[in-house]
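# Overview (structure and organization)
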Amino acid sequence: GIYGMTDLGDLQYVGGEWEGNEMVFKTRDLVRYTIATDTIPPEISLIKSAKGKLVFKIKDELSGIHSTHATLNGNWFLMNYDAKRGTLWSDTEVNISGKFTLSVKDNASNITRFEAEY
């Protein structure tokens, strides 16, 4: 993907798609750009699992988090997400019992899965 480069040398994911031999992207910023490959999947850390509440810390070092998907016993399961803090949590009113699965996908399509029985 295409990454904008900050004055400190940090990379910020912009996007981009290959069209033949060219990388095409749209931007409104006039900064330096580079092409980089993100092969490292996001990280998922279980912070809390008690009294029917799950709390996770999720992060991706390069391209950033694209999406999350949770299921409980194969059914879609609502999770709240605070992107600024990288925190994902369940509502306390829900009874969590059975097979829980969490998938986190980054902007480079790397996926990490967390699975547990409750």
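For the structure, see preceding data.
Given the structure is predicted, the values throughout are model-derived calculations rather than measurements.

A tally of regular secondary structure across the protein chain gives zero helices and 13 strands. Going from N to C terminus, the protein chain has its helices and strands arranged as β-β-β-β-β-β-β-β-β-β-β-β-β. Compactness check: the protein chain gives a C-alpha radius of gyration of 17 Å against a globular reference of 13 Å for 118 residues, more than 25% above the reference. In terms of its C-alpha atoms, the protein chain occupies a principal-axis envelope of roughly 50 × 30 × 20 Å. Counting only contacts in the protein chain whose residues sit at least 6 apart along the sequence, the fraction spanning at least 24 positions is 52%. Approximately 8,000 Å² of the protein chain is accessible, and the part contributed by carbon and sulfur atoms is 47%. Averaging the locations of the 13 positively and 16 negatively charged side chains of the protein chain gives two centres separated by 7 Å.

Its place among the elements puts Thr 112 in strand E13 (residues 111-117). Since its relative accessible area comes to 17%, Thr 112 is described here as buried. Of the polar contacts made by the side chain of Thr 112, one reaches the backbone oxygen of Pro 42; its length is 2.5 Å. When residues no more than four places from it in sequence are discounted, the contact partners of Thr 112 are Pro 41, Pro 42, Ile 44, Leu 102, Ser 103 and Val 104.

A few words on the environment of Pro 41. Topologically, Pro 41 is positioned in the loop between strand E5 (32-35) and strand E6 (43-50). Measuring from C-alpha to C-alpha, the distance between Pro 41 and Asn 107 comes to 9.8 Å, with 66 residues separating the pair along the chain. Apart from residues no more than four positions distant in its own chain, Pro 41 is found in contact with Asp 60, Asp 106, Asn 110, Ile 111 and Thr 112.

This part covers the sheet that holds strand E11 (residues 87-89). If you walk across this open sheet you meet the four strands as E6-E7-E11-E10, and the pairing is antiparallel. Since the sheet does not close on itself, it has two edges, and those belong to E6 and strand E10 (80-82), each with one partner. Adjacent strand axes in the sheet meet at a mean angle of 20 degrees, parallel and antiparallel pairs treated alike. The pairing of E6 with strand E7 (residues 53-59) spans seven bridges and is antiparallel. From the neighbouring strand, Glu 43 faces E7, where its bridge partner is Lys 59.

What counts and what doesn't
- Residues numbered from 1 in each chain as written.
- Predicted model: local features only at pLDDT ≥ 70, side-chain atom pairs only at ≥ 80, totals over all residues.
- Heavy atoms only, no water.
- Helix = DSSP H or I, 4+ residues; strand = E, 2+ residues; numbered from the N terminus.
- Rg over C-alpha atoms; globule rule 2.2 N^0.38 Å.
- Contact = heavy atoms within 4.5 Å.
- Areas by Shrake-Rupley, 256 points an atom, 1.4 Å probe, with all protein chains shown as cover.
- Lys, Arg positive; Asp, Glu negative; His and termini not counted.
- Charge placed at Lys NZ, Arg CZ, Asp CG, Glu CD.
- Buried < 20%, exposed > 50% of the residue type's maximum accessible area, 1.4 Å probe, protein only.
- Polar contact = N/O pair within 3.5 Å; in protein donor to acceptor, adjacent residues only side chain to side chain.
- Pairing = 2+ DSSP bridges.
- Axes fitted to C-alpha atoms, helices over the stretch in contact; angles between N-to-C directions.

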